[in-house]
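# Residue-level structural notes
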Number of protein chains: 2
Amino acid sequence: MPDTDRDLLPEGLCDRLPQQAWASQQVRRVAHDVLASHGYERVETPLLEFEKSLASRMAGVQVRRMFRFVDPASLRQLALRSDITAQVARIAATGLAHAPRPLRLSYSGPVAIIKGDGLDPARERLQIGAELIGTDSVAAAAEIVEVAIEALQAAGATGVSVDFTLPDLVDTLSAEALPLAGSQIEAVRKMLDAKDAGGLVDSGGAAYLPLLYAVGPFDSAIQRLAEFDVDDVLASRIAGLREIAGRVGGKARLTLDPSERHGFEYQSWFGFTIYAEGLSGSLGRGGAYRILGRAGEEPEPATGFSLYPDPLVEALAAEAEGPKRLFLPLGHDPQVAARQRAIGWATVAALSESDDPISLGCSHRLENGEAIPL
Amino acid sequence: MPDTDRDLLPEGLCDRLPQQAWASQQVRRVAHDVLASHGYERVETPLLEFEKSLASRMAGVQVRRMFRFVDPASLRQLALRSDITAQVARIAATGLAHAPRPLRLSYSGPVAIIKGDGLDPARERLQIGAELIGTDSVAAAAEIVEVAIEALQAAGATGVSVDFTLPDLVDTLSAEALPLAGSQIEAVRKMLDAKDAGGLVDSGGAAYLPLLYAVGPFDSAIQRLAEFDVDDVLASRIAGLREIAGRVGGKARLTLDPSERHGFEYQSWFGFTIYAEGLSGSLGRGGAYRILGRAGEEPEPATGFSLYPDPLVEALAAEAEGPKRLFLPLGHDPQVAARQRAIGWATVAALSESDDPISLGCSHRLENGEAIPL
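About the criteria used
Residues numbered from 1 in each chain as written. Chains lettered and ligands numbered in written order. Predicted model: local features only at pLDDT ≥ 70, side-chain atom pairs only at ≥ 80, totals over all residues. Heavy atoms only, no water. Pairing = 2+ DSSP bridges. Helix = DSSP H or I, 4+ residues; strand = E, 2+ residues; numbered from the N terminus. Axes fitted to C-alpha atoms, helices over the stretch in contact; angles between N-to-C directions. Contact = heavy atoms within 4.5 Å. Buried area = accessible area lost by both parts, 1.4 Å probe. Salt bridge = Lys/Arg side-chain N within 4 Å of Asp/Glu carboxyl O. Polar contact = N/O pair within 3.5 Å; in protein donor to acceptor, adjacent residues only side chain to side chain. Nonpolar A, V, L, I, M, F, W, Y, C, P; charged D, E, K, R; others polar. Phe/Tyr/Trp six-rings, centres within 6.5 Å; stacked < 30°, edge-to-face > 60°. Buried < 20%, exposed > 50% of the residue type's maximum accessible area, 1.4 Å probe, protein only. Lys NZ or Arg CZ within 6 Å of the ring centre and 35° of its normal. Domains from an automatic or database assignment. Least-squares fit on C-alpha atoms with pLDDT ≥ 70 in both. 1 Å grid on protein atoms, 1.4 Å probe; cavity = no way out; pocket = protein on both sides within 12 Å on 5 of 7 lines; lining within 4 Å. Points joined across faces, edges and corners; volume = space filled by probe spheres on them. Parallel < 35°, antiparallel > 145°, perpendicular 65-115°, else oblique. Core = buried A, V, L, I, M, F, W, Y, C linked by side-chain atoms within 4.5 Å. Right-handed = clockwise from strand over helix to strand, strands pointing away.

Glancing now at the sheet that holds strand β2 (residues 48–50) of chain A. All names here are of chain A. Overall, antiparallel pairing links the three strands, which are arranged β2-β4-β3 in an open sheet. Of all the strands in the sheet, the pair left with one neighbour each is β2 and β3 (68–70). Averaged over all neighbouring strand pairs, the angle between strand axes comes to 35°, with direction disregarded. Taken together, the three bridges between β2 and strand β4 (residues 77–80) define a ladder with antiparallel strand orientation. Opposite Glu49, over in β4, you have Ala79 as the bridge partner.

See below:
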């Protein structure tokens, strides 16, 4: 029990003790190995950037959620990164602007926000992600969903499910088939996101009501969405979703919630959220988006995902086991000890007569060159 | 060339592109594997803490070098971590206060400071470290130096050398054999650190002059230090250094600079700096220190090291090579592709007819289930 202030950590920040940290290391390693095996090359980004850089590459990045402060060196506003995707977008638009497309990049690291949300008070999270830059095609979306599922499953997630959405659904429908006044669009989006039928009618979006029923297991929901789409303005999106579902359907349970918008502030035609059995909240999300270019340049299409595997790490920590520990008594032969490490032991060398192998977590003790059970 | 502000990164902060990031990943993995093999269990610490917590566990931690700002949640001052050692000390004193000693912990992650120094403008660095908590014995120091050398060598450093120092040398000598006025101690320390013979005499430390010559290759320098130590107040330290040197001498070139103080603000009797051939600046340092306990409690002795391997990462990046890349044409068999990944290929799937295997870095192409050179 902490007896002074200095023992406390700020709200929403915490340590990982050995079991959790081991699980976290394994999740990161395994996920990165999967991403690398699909051709995603890792990049690393700084913890801090100019606030303006973090906000300017993608629509919908919210600087007010970031820790911000003035840089004593430049006297400009810095922000602690809250989302590595925006940084990778900057790299794609600058240092790797001339790298051939499609460009596959991956990353991981801690990100921080000034305030947790009601359900999750955490203000620091591990983010692991992959971005496929130069395309937002259906093939790109299918690869991104597949790789996200594979990375989570390899890291230990089971019962994975993926919920698809169409982030620009209201924009698309209101521009073509179901016109809305400019002032109504945001309200209709919100009511759909909140699944509020009454509010939807009140905000002038009665024509959008059937969308509230195109929700649930993928096959039936996409069927209802297609029936609703009498003018075929969603036809290419519906076909795209069906193609993606065909590719990944054997690997995860699929659902559709076409008007889900929360968390997809920067996604364009396609978005998805990924879950695993027994873990509360989502493990990540992704979709298609656009990287804003220089003045006068077209935005570049991209597709990617970000995983936030902290709940998986916590679940795995209970069973996480590092290497077995071998106690090395005082005066042991260092060559023999090195050989034991080479075959996978973690050795724990005695530093004094009082070091106790069992309380130090050792299962074996080195005797006459051999590991003897304690 | 950046054409707008948003393309720029703040001074002292940078990205790692794929080759650098690959090298960085390999250095971290290999170093952590070495630490784990010696029984050091990983912990993870938050990016941010209360300024007071970061500063209160160890003497000499300088909060003015940290990025600091008010936490909107607690309205208290937070700091971005500048040194993970202080956080691990907090864990040892709180969450792991009752874990058996000696307690071996390891960690890694980015740390940030508000201002680089003249030689190194970096404001963010990778820190990898190990702490052996509960002892600052000669045996602990020898293990810590050995593990630091092994971690760096396994990560690719060659021509490793270790420079030993005695951080509390002036305190020890002035308390016993060579008294100084309280006001002189800091000046004498500084002049010794600066190797300024004239300044040393001017500041009243003429008796300390011979220390300036007890510097250089370990064997001869320790001999001169022993000759200087006529009252034997350093005898246990000299014997300790000789014992450590005996253990690690075959693995690295050893030097002694007993009055070196810079960078050892929190070390007690023993400190070391570690270098590798061809890399400018040091790769890390370590030594014995004390973790400040609760009011009325004794400080706990500890020994550890911190590596800052960025120069090594940069040197390795030039030769770093990720897995070989195999191009998967449109319509490839996904099962065959998965088998190729399982045997070590990074696969790069075509997303459209225009994807070019060679510009995407592939050396081979999948044809009839086989990897064919391009």
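From this point, the discussion proceeds with the structure in view.
In this assembly, 81 residues from chain B lie in contact with 81 residues from chain A. Summed over both sides, the interface of chain B with chain A buries roughly 7,300 Å², with 55% coming from carbon and sulfur. Seen at the junction of chain B and chain A, the total is ten salt bridges. A salt bridge links Asp15 of chain B to Arg90 of chain A; its shortest N-O distance comes to 2.7 Å. Where chain B meets chain A, there are 27 residue pairs in polar contact (both at pLDDT 80 or more). Counting residues per element, the side of chain B that touches chain A draws most heavily on helix α1 (residues 18–37) of chain B, which supplies ten residues. Split into classes, the residues belonging to the side of chain B that touches chain A amount to 38 nonpolar, 14 polar and 29 charged.

All names here are of chain A. Under the counting rule described, the total for this entry stands at 13 aromatic pairs over all chains. Measuring from ring centre to ring centre gives 5.6 Å for Phe164 and Phe270, while their planes differ by 50°; the resulting arrangement is tilted. In this pair, Phe164 is assigned in strand β7 (residues 161–165) and Phe270 in strand β10 (residues 267–275), connecting sequence segments 106 residues apart. For the pair Phe164 and Phe270, one class covers both residues: buried. An aromatic cluster of three or more residues is present, and its members are Phe164, Phe218, Trp269, Phe270 and Phe272. Positioned over the ring face of Phe50 is Arg76, at 3.8 Å from the centre of the ring.

Attention now goes to the domain arrangement of chain A. Here the domain parsing of chain A yields domain 1 (1–153 + 282–306) and domain 2 (325–373). Here the C-alpha centroids of domain 1 of chain A and domain 2 of chain A sit 41 Å apart.

Bringing the relation of the copies chain B and chain A into the picture now. Least-squares fitting of chain B to chain A yields an RMSD of 0.1 Å, with the transformation described by 0.0 Å of translation along the axis and a rotation of 180°. Taken together, these values place the two copies in the relation of a two-fold axis. In terms of C-alpha distance to the rotation axis, chain B has Phe69 of chain B as its closest residue, with the C-alpha 3.4 Å off the axis. Most of the interface of chain B is mirrored in chain A, where 100% of its interface residues are also at the interface.

Bringing the side chain of Gln25 of chain A into the picture now. Counting through the fold element by element, Gln25 of chain A comes out in helix α1 (residues 18–37). Taking the relative accessible area as the measure of exposure, Gln25 of chain A reaches 5% and is therefore buried.

The next thing to look at is empty space enclosed by the protein. All names here are of chain B. A complete count under the given rule lists two cavities of 30 Å³ or more for this structure. Approximately 50 Å³ is the volume found for the largest cavity. Lining the largest cavity are Leu166, Pro167, Leu169, Val170, Arg189, Leu192, Pro258, Ser259, Glu260 and Arg261. Elements with a minimum of two residues in the lining of the largest cavity: α5 (169–175) and α6 (182–193).

Residue and element names in this part refer to chain B. Interaxial distance between helix α8 (residues 218–228) and helix α9 (residues 235–248) falls to 11 Å at its minimum, and their mutual angle equals 170°. What the angle tells us is that α8 and α9 run roughly antiparallel. For the pair α8 and α9, contact is made by Phe218, Ile222, Gln223, Leu225 and Ala226 and by Ile238, Leu241, Arg242 and Ala245, respectively. Along the lines of polarity and charge, the residues of the contact of α8 with α9 split into seven nonpolar, one polar and one charged.

Before going further, it helps to examine the nonpolar core. Phe164, Tyr208, Leu225 and Phe270 of chain B are the most contacted members of the largest nonpolar core, which totals 70 residues. In this structure, Leu126, Val188, Leu211 and Val313 of chain A belong to the second largest nonpolar core, which totals 69 residues.

Further remarks concern the pairing of strand β14 (residues 346–349) of chain A. All names here are of chain A. Neither face of β14 is exposed, since Ala346 and Val348 on one face and Thr347 and Ala349 on the opposite face are all buried. Two elements, strand β13 (residues 325–328) and β14, share four bridges in a ladder whose sense is parallel. Paired with Phe327 across the bridge in β14 is Val348. On the question of chirality, the crossover connecting β13 to the parallel β14 by way of helix α11 (residues 334–342) is right-handed.

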